[in-house]
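# Fold and geometry: a report
Residue-level listing of the chains:
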Amino acid sequence: MMVWSWWELLSGGPVYDIPKGRKDGRRSKVEDTLIAPAPTFNASELVRVSGLRGFSAQDMVALSGGHTLGVARCLTFKNRLSDPVDPTMDSDFSKTLSKTCSGGDDAEQTFDMTRNHFDNFYFQALQRKSGVLFSDQTLYNNPITKSIVKGYAMNQAKFFLDFEQAMVKMSLLDVKEGSQGEVRADCRKIN
Ligand code: HEM
């Protein structure tokens, strides 16, 4: 049984309204996903790619905080473990990752200690050089994004506020084209 403290009941994570009515796109091309960031990107590349869509460095770091939930499979970070070992990673943590990967490419590693709780532990892990993806840890190696990570590691309420604002911004992406969009009959296909 899950037991909730009064604090968790009052503060179950970020809360925000997403504007409704955004249409489905009339274009669906695999090459469009190239604009999406990769787990091998460094902080400057992440800032640049997010900027193409109008997100600030702060938006991007806050959104990366989505990695407070869930897991990454070994195949998304195993390149950090050898030839050469990623020096930005804590040496004990690299043992943890290696142990996970002994279970194969699909073995799962949680991003932080609390995979089902929306909290700022992900940012605290980055401060301990214990980020799972290269693209997570790199946020602590660039001076601009590092100061944002530190702020969120210290102040969870600030993280929630910035996350809420960035998620609403994301929901408004392509809203102009949205008027030319459609309501798909099958959400996986253009009508
Ligand atoms: C900054 C760019 C990002 C990169 C490079 C990235 C990359 C990844 C990768 C490689 C995984 C592991 C996937 C797998 O093993 O199959 C993952 C998982 C995940 N990502 Fe991201 N991500 C990014 C941004 C985001 C954002 C903005 C959110 C949400 C706000 C998010 C939420 C998640 C969640 C919840 C998982 C865990 C999924 C699960 O447990 O099944 N990520 N991400």
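Please read all numbers here as calculations on a predicted model, not as lab measurements. (Residues numbered from 1 in each chain as written. Predicted model: local features only at pLDDT ≥ 70, side-chain atom pairs only at ≥ 80, totals over all residues. Heavy atoms only, no water.)

## So, the coordination of the iron atom of the ligand
For the iron atom of the ligand, the sole protein-derived donor is His 67 (NE2), lying 2.0 Å away. Along the chain, His 67 turns up in the loop between α3 (57-64) and β1 (71-73). (Donors = N, O, S within 2.8 Å, 3.2 Å for Na, K, Ca; no water. Helix = DSSP H or I, 4+ residues; strand = E, 2+ residues; numbered from the N terminus.)

## What to know about helix α4 (residues 91-101)
Along α4, the residues classified as buried are Phe 93, Ser 94, Leu 97, Thr 100 and Cys 101. Seen along its axis, α4 keeps its buried residues to an arc of 115 degrees; they face one direction. Projecting away from the buried face of α4 at angles above 90 degrees are the exposed residues Lys 95 and Lys 99. Capping of α4 at its N-terminal end is provided by Asp 90; its side-chain oxygen lies 3.1 Å from the backbone amide nitrogen of Asp 92. (Buried < 20%, exposed > 50% of the residue type's maximum accessible area, 1.4 Å probe, protein only. Arc of directions from axis to C-beta. Polar contact = N/O pair within 3.5 Å; in protein donor to acceptor, adjacent residues only side chain to side chain.)

## Some remarks on the UniProt feature "binding site: substrate" (unreviewed entry) in the protein chain
The UniProt record marks Pro 37 with the feature "binding site: substrate" (unreviewed entry), using the residue numbering of this structure. Relative to the helices and strands, Pro 37 is located in the loop between α1 (6-10) and α2 (43-52). The exposed category is assigned to Pro 37, whose relative accessible area is 52%. Sequence-distant contacts of Pro 37, defined by excluding residues within four places in its chain, comprise Leu 46 and Val 49. (UniProt positions renumbered as here; feature names shortened; annotations may be inferred. Contact = heavy atoms within 4.5 Å.)

## Some points on the UniProt feature "binding site: Ca(2+)" (unreviewed entry) in the protein chain
UniProt's entry tags Thr 68, Asp 112, Thr 114 and Asp 119 with the feature "binding site: Ca(2+)" (unreviewed entry), counted in the numbering of this structure. On the basis of their most widely separated C-alpha atoms, the annotated residues across 52 residues gather in one place, lying no more than 9.5 Å apart. If you trace the backbone, Thr 114 turns up in the loop between β2 (108-110) and α5 (121-127). Looking at the element boundaries, Asp 119 is found in the loop between β2 and α5. Leave out the neighbours within four places in its chain, and Asp 119 touches Thr 68, Asp 112, Thr 114, Gln 156, Phe 159 and Phe 160. Of note is the side chain of Asp 119, whose polar atom sits 2.9 Å from the side chain of Thr 68.

## A closer look at the pattern of salt bridges
Side chains that carry opposite charge are capable of pairing whenever their charged atoms lie near each other. Scanning the model with the defined rule gives 8 salt bridges in all. Arg 73 is the salt-bridge partner of Asp 106, the closest N and O atoms lying 3.5 Å from each other. Highlighted residues: Asp 106 in the loop between α4 and β2 and Arg 73 in strand β1, separated in sequence by 33 residues. Residue classification places Arg 73 among the partly exposed residues on the basis of a relative accessible area of 38%. Where Lys 189 meets Asp 186, a salt bridge forms, and the shortest distance between an N and an O atom there is 3.5 Å. With a relative accessible area of 52%, Lys 189 lands in the exposed category. (Salt bridge = Lys/Arg side-chain N within 4 Å of Asp/Glu carboxyl O.)

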